[in-house]
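Residues per chain are reported as follows:
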Amino acid sequence: MNDLFTWAALGSLAGASAATLLATNVIGGLIGPDGDKLRKWIAIGIALALSYLTAAFATDVGAEKWIIAFFNALVIFSAALGVNQFPPGNRQATPTRVADGREPRVFRSWV
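Remember, predicted model here, so these are calculated numbers, not experimental data.

## What about the packing of aromatic side chains?
Centre distance and the angle of the planes are the two values used to describe a pair of aromatic rings. Enumeration over the complete set of coordinates arrives at two aromatic pairs. Note on F70 and F71: the rings are 5.4 Å apart at their centroids and 75 degrees apart in plane angle, and the pair reads as edge-to-face.

Set out below in structure tokens:
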């Protein structure tokens, strides 16, 4: 049980981003098709909650920790949803090919 999420892992960028992504997808999936429109808002809410929760436990810093927690939440949100990727208009489309029915759908060459 100690190999899954821990408090220390949730306090790191990787752990908080993974938890945000996982929780966002699960909650969005439970809501149904309408959840797709809400995923960004769910993700920012979870990222803010995790960041402010982490800041609440920080004892060696002053009041500026709340401002830093806000920007940390934006970093967690960006990492979880891939906001830091190129905008969709700048991405190159991946060429697609329709299967002609002669090759198995599961086992086909990636090249």
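We are not done yet, so read on.
## Re the side chain of T20
Along the polypeptide, T20 turns up in helix α2 (residues 13–31). Look at T20 and you get buried, because its relative accessible area is 0%. If we skip the residues at most four places from it in the chain, T20 touches A43, I46, A47, L50, I76 and A80.

## Overview of the side chain of S51
Topologically, S51 is positioned in helix α3 (residues 35–57). One polar contact links the side chain of S51 to the main-chain carbonyl oxygen of A69, over a distance of 2.4 Å. In this view, S51 contacts A69, F70, N72, A73 and I76; residues no more than four positions away in its chain are not counted.

## Details of the packing of α2 against helix α4 (residues 65–81)
Contact pair α2 / α4: the axes reach a minimum separation of 8 Å and the direction vectors enclose 60 degrees. Between α2 and α4, the crossing angle belongs to the class labelled oblique. Taken as a pair, α2 and α4 cross one another with a handedness that is right-handed. Across from L13, A16, S17, T20 and L21 in α2, the residues of α4 making contact are V75, I76, A79 and A80. For the contact of α2 with α4, the per-class residue count stands at seven nonpolar, two polar and no charged.

## Let's talk about α4
End to end, α4 covers 24 Å across 17 residues, agreeing with the expected 24 Å (1.5 Å per residue, within 8%). Of all the positions in α4, only K65, A69, A73, I76, F77 and A80 are classed as buried. In a view along the axis of α4, the buried residues occupy a sector of 125 degrees, so they form one face of it. Each element contacted by the buried residues of α4 is listed here: α2 and α3.

Cut-offs used in this document
- Residues numbered from 1 in each chain as written.
- Predicted model: local features only at pLDDT ≥ 70, side-chain atom pairs only at ≥ 80, totals over all residues.
- Heavy atoms only, no water.
- Phe/Tyr/Trp six-rings, centres within 6.5 Å; stacked < 30°, edge-to-face > 60°.
- Helix = DSSP H or I, 4+ residues; strand = E, 2+ residues; numbered from the N terminus.
- Buried < 20%, exposed > 50% of the residue type's maximum accessible area, 1.4 Å probe, protein only.
- Contact = heavy atoms within 4.5 Å.
- Polar contact = N/O pair within 3.5 Å; in protein donor to acceptor, adjacent residues only side chain to side chain.
- Axes fitted to C-alpha atoms, helices over the stretch in contact; angles between N-to-C directions.
- Parallel < 35°, antiparallel > 145°, perpendicular 65-115°, else oblique.
- Left-handed = near helix turned anticlockwise from the far one by under 90°.
- Nonpolar A, V, L, I, M, F, W, Y, C, P; charged D, E, K, R; others polar.
- Expected span 1.5 Å × (residues − 1).
- Arc of directions from axis to C-beta.

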